[in-house]
There are 2 protein chains.
Amino acid sequence: MAYLNEHYLKLKSGYLFPEIARRVNVFCQDNPKAAQHLIRCGIGDVTEPLPPAVIGALHQAVDEMSRRETFRGYGPEQGYEFLREAIAQNDYRDRGLEIAADEIFVSDGSKCDCGNILDVLGHQNRIGLMDPVYPVYVDTNVMAGHTAAADESGAYPGLTYLPCGPGNGFVPQPPPERLDIIYLCYPNNPTGAVATREQLSAWVNYASKNQAILLYDAAYEAYITDPEIPHSIYEIPGARECAIEFRSFSKNGGFTGLRCAFTVVPKTLLASTGNGQSSSLHPLWLRRSSTKFNGVSYVVQRAAEALYTADGKTQVRQLIDHYLANASVLREGARAAGLEVFGGVNAPYIWAQAPRGITSWQAFDSILHEANVVITPGAGFGRNGEGFFRVSAFNSRANAEEVARRLQRLKW
Amino acid sequence: MAYLNEHYLKLKSGYLFPEIARRVNVFCQDNPKAAQHLIRCGIGDVTEPLPPAVIGALHQAVDEMSRRETFRGYGPEQGYEFLREAIAQNDYRDRGLEIAADEIFVSDGSKCDCGNILDVLGHQNRIGLMDPVYPVYVDTNVMAGHTAAADESGAYPGLTYLPCGPGNGFVPQPPPERLDIIYLCYPNNPTGAVATREQLSAWVNYASKNQAILLYDAAYEAYITDPEIPHSIYEIPGARECAIEFRSFSKNGGFTGLRCAFTVVPKTLLASTGNGQSSSLHPLWLRRSSTKFNGVSYVVQRAAEALYTADGKTQVRQLIDHYLANASVLREGARAAGLEVFGGVNAPYIWAQAPRGITSWQAFDSILHEANVVITPGAGFGRNGEGFFRVSAFNSRANAEEVARRLQRLKW
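All of these numbers come straight from a predicted model, not from anything done at the bench.

Caption draft 1: Broad picture of the sheet that holds strand β15 (residues 388-392) of chain A. Residue and element names in this part refer to chain A. The sheet built from four strands is open, its strands ordered β11-β12-β15-β14 with antiparallel pairing. Each end of this open sheet is capped by a strand with a single partner; those strands are β11 (340-343) and β14 (376-377). Examined bridge by bridge, β11 and strand β12 (residues 349-353) share four bridges and lie antiparallel to one another. Counted as the bridge partner of Val341 is Ala352 from β12. Against the sheet, helix α10 (residues 310-336) touches β11, β12 and β15, its axis set at about 160 degrees to β11.

Listed below in structure tokens is the structure:
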């Protein structure tokens, strides 16, 4: 008899975004007229087209695939050298950071990598993660059998949740207990918070002392405007020995539909066997990539390379500036509506506190029904997200301005 | 202290193809003149450019991504409806097979899916696989902790190897013992063998009786020329209740560098919890896909869709006919060289038996040094591959003809 992986049965059946979609569908069916001017600021998906430099590179790569002499079949599973070199140079060496091209692994998405990284880690690790949290970190640990069934609050025993709120600026301090693997995400999804050099240094020190590993998700790095905020965990001395960094082209180049990201696994990062022998994780991740993956589409890798050209950089800057200006409009609109607002300065997300006594889902329903705007209820990201909601700045300027106006007309 | 997944340390360090590459490099450095006319028939990678229908669809999809009105961000993780519908209609319904579009999962490669499928299966399953075997089936089970360390022959205790050879036409019969998960690959890589309706029926009956699951890898389905040979496991009554099918656009459309494949998980396929409760695997695989994957690039899905147009079908047929004609040339060449030859009729691989007493790697070295041709030693696919070698038909006609000539000049 074939057995299934029972840990999947512990997962809550309704993932956040399907439940949002369900409520939006019901609303649209019941209110066809209002549905016509519905504005979606829920899911964090880009809205602007791909930059011209990317479009040009794609067409050229497609033409190469049409001729026998320039056709490309299987590429290197880790990614083409041309792209890994461009990443190493622009994202790291130009910032004075020592990351070699062969420490970079090109993939089809950060979500995939954040999940797949558990493949090369032991099941006995004690896992820490922020709350509120990107649900993928939690769910992939549940699937891997690292938790018991969820408790009444929706938390999974077996994981250590590090509360984030206005009190700590949404950046947890390292805890007194020993954790082995800690997920950190800055600029943060969903709160839009960033971590300072001092805060990240505290985590690198903690990891060094405990031989722990930081899984550092920097998918929103391009949105950092404050010159004092680190763009990479490797700006912190000692991070090459304790951190894996996840980056994405989704939110800078607008690649959510094209699919390309990368993960940095420094060769100096060690982990341990059960009997205490240290070993580099790099060859394990390389082995995973070459056995369970076949590389990213050649044409997409050429598109990602184009983001690092002079034109590409200018065009990415314009995209980011567009979304950040939206964030500013939304932030001011929410403030003018009397809400306490976080994020939106170094991130494309506004994290707003609903008026006292109103839950996240009540806020969701009010904003949907009264303002005809879709946001994301904070409770969907964990216990400490209760009472908050996320507004995405991925939209047209006109829509951002309209949402700002509608928020101010809300009667809570 | 962070722990690594120790099961990775059981993997043999030299994967087959890196070892081949190493020997080829040494040869080329030592023999620069001979290296100039080296012909590669090793790795199964296509050589011909993408069909014009695909190129046209790619350019059009790229243009869509350049305009705000037609830009696509995140797509459905399971794949766009337009592609899943085209697959369901052309690959299944047109053959009278009941597979719904929502039972199809579009992915970036069959290799990924063959590995990832273990995520939704329990660790207590008894695993059966053919020998010789596509190494990914073995290695992903080692990584998941389903085996002990390899024995001296390279086999992993904990897996049940089903010997394949000339005696059984490279199609194993179901064993007397109970297995829970069985990998079957037809047309077979590496042997080029196909399974008849009767042979597949025996496996479906076995799986039904034992509530086992067949993982049916049909990546080379397009090469079947014999009208009596099933193209899909779902041609066998009862397979919807016991089989998952893996398909790929790599070897029909030439997508090895573009990346697109699909997996069929029928909703009627059940697996069991540890305490004997049956549950459908479909929602688990859907949950895995939406949590650990973000869908295939939109432009690549449009490219795959184009393979199902009238022009696309004609162009794919021409590609397949080209490679199959190469296979025929190689097959006749190897026969004329006095070798016993299998495969190459319904598959792009020739499986040749080296003269008595010559090992696979000796054959590899002889053919490299004397004929300046790269083949794949059969022993790299398992114990029962010893004494055989694989010749890939993915090449130009001129190269295939030259290889056929050179094989005949070999002095063993």
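After presenting the structure, the write-up continues.
Caption draft 2: Summary view of the pattern of salt bridges. Scanning all chains against the criterion turns up 46 salt bridges over all chains. Linking Glu305 of chain A and Arg302 of chain A is a salt bridge whose minimum nitrogen-to-oxygen distance equals 2.9 Å. Of this pair, Glu305 of chain A and Arg302 of chain A both sit in helix α9 (residues 298-306), separated by three residues, roughly a single helical turn. What makes Glu305 of chain A partly exposed here is its relative accessible area of 24%. When the shortest N-O distance is used, the salt bridge between Asp321 of chain B and Arg317 of chain B registers 3.2 Å. Taken together, the positions of Asp321 of chain B and Arg317 of chain B, both in helix α10 (residues 310-336) and four residues apart, correspond to about one turn of that helix. With relative accessibility at 36%, the residue Arg317 of chain B sits in the partly exposed group. Three or more residues joined by partner-sharing salt bridges are found here, namely Asp91, Arg95, Glu221, Glu245 and Arg247 of chain A.

Caption draft 3: Local environment of the environment of Asp226 of chain B. Residue and element names in this part refer to chain B. Its place among the elements puts Asp226 in the loop between β6 (213-217) and β7 (243-248). For Asp226, a relative accessible area of 31% gives the class partly exposed. Taking the C-alpha atoms as reference points, Asp226 and Glu64, 162 residues apart in sequence, are found 41 Å from one another. For Asp226, the side chain forms a polar contact with the main-chain nitrogen of Glu228, separated by 2.9 Å.

Caption draft 4: Highlighting the interface of chain B and chain A. At the junction of the two partners, chain B supplies 85 residues and chain A supplies 85 residues. Roughly 7200 Å² is buried in total at the junction of chain B and chain A, and carbon and sulfur atoms are behind 58% of that figure. For the pair chain B and chain A, the interface holds six salt bridges. On the surface where chain B and chain A come into contact, there are 49 residue pairs in polar contact (both at pLDDT 80 or more). Sorting the residues of the side of chain B that touches chain A by element identifies α3 (52-64), α5 (110-116), α6 (135-143), β9 (270-272), α8 (282-292) and α9 (298-306) of chain B as the ones contributing at least two each. With six residues, the top contributor of residues to the side of chain B that touches chain A is α8 of chain B.

Caption draft 5: Fine view of the sheet that holds strand β15 (residues 388-392) of chain B. Taken together, four strands build an open sheet; the order of strands is β11-β12-β15-β14 (chain B) and the sheet is antiparallel. The two strands at the open ends of the sheet, each matched to only one other strand, are β11 (340-343) and β14 (376-377) of chain B.

Caption draft 6: Focus on the nonpolar core. Leu281 of chain A together with Leu281 of chain B are the most contacted members of the largest nonpolar core, which totals 293 residues. Once residues within four sequence positions are removed from consideration, Leu281 of chain B is found in contact with Leu4 of chain A together with Val120, Leu121, Ile213, Ile244, Val265, Leu269 and Ala271 of chain B.

Caption draft 7: Fine view of the side chain of Asn116 of chain A. One can find Asn116 of chain A in helix α5 (residues 110-116). Residues contacting Asn116 of chain A, with those up to four places away along its chain left out, are Trp285 and Arg288 of chain A together with Arg288 and Lys292 of chain B.

Caption draft 8: Structural view of helix α7 (residues 197-210) of chain A. All names here are of chain A. Counted at 1.5 Å a residue, the expected span for α7 with its 14 residues is 20 Å, and the 20 Å between its end C-alpha atoms agrees. Taken as a whole, α7 has its buried residues at Leu200, Trp203, Val204, Tyr206, Ala207 and Asn210. Taken down its axis, α7 places every buried residue within 160 degrees of arc, on the same side. Every exposed residue of α7 that faces more than 90 degrees away from the buried side is listed here: Glu198, Asn205 and Lys209. For α7, the elements touching its buried residues are β4 (159-163), β5 (181-185) and β6 (213-217).

Rules used throughout
Residues numbered from 1 in each chain as written. Chains lettered and ligands numbered in written order. Predicted model: local features only at pLDDT ≥ 70, side-chain atom pairs only at ≥ 80, totals over all residues. Heavy atoms only, no water. Pairing = 2+ DSSP bridges. Helix = DSSP H or I, 4+ residues; strand = E, 2+ residues; numbered from the N terminus. Contact = heavy atoms within 4.5 Å. Axes fitted to C-alpha atoms, helices over the stretch in contact; angles between N-to-C directions. Salt bridge = Lys/Arg side-chain N within 4 Å of Asp/Glu carboxyl O. Buried < 20%, exposed > 50% of the residue type's maximum accessible area, 1.4 Å probe, protein only. Polar contact = N/O pair within 3.5 Å; in protein donor to acceptor, adjacent residues only side chain to side chain. Buried area = accessible area lost by both parts, 1.4 Å probe. Core = buried A, V, L, I, M, F, W, Y, C linked by side-chain atoms within 4.5 Å. Expected span 1.5 Å × (residues − 1). Arc of directions from axis to C-beta.

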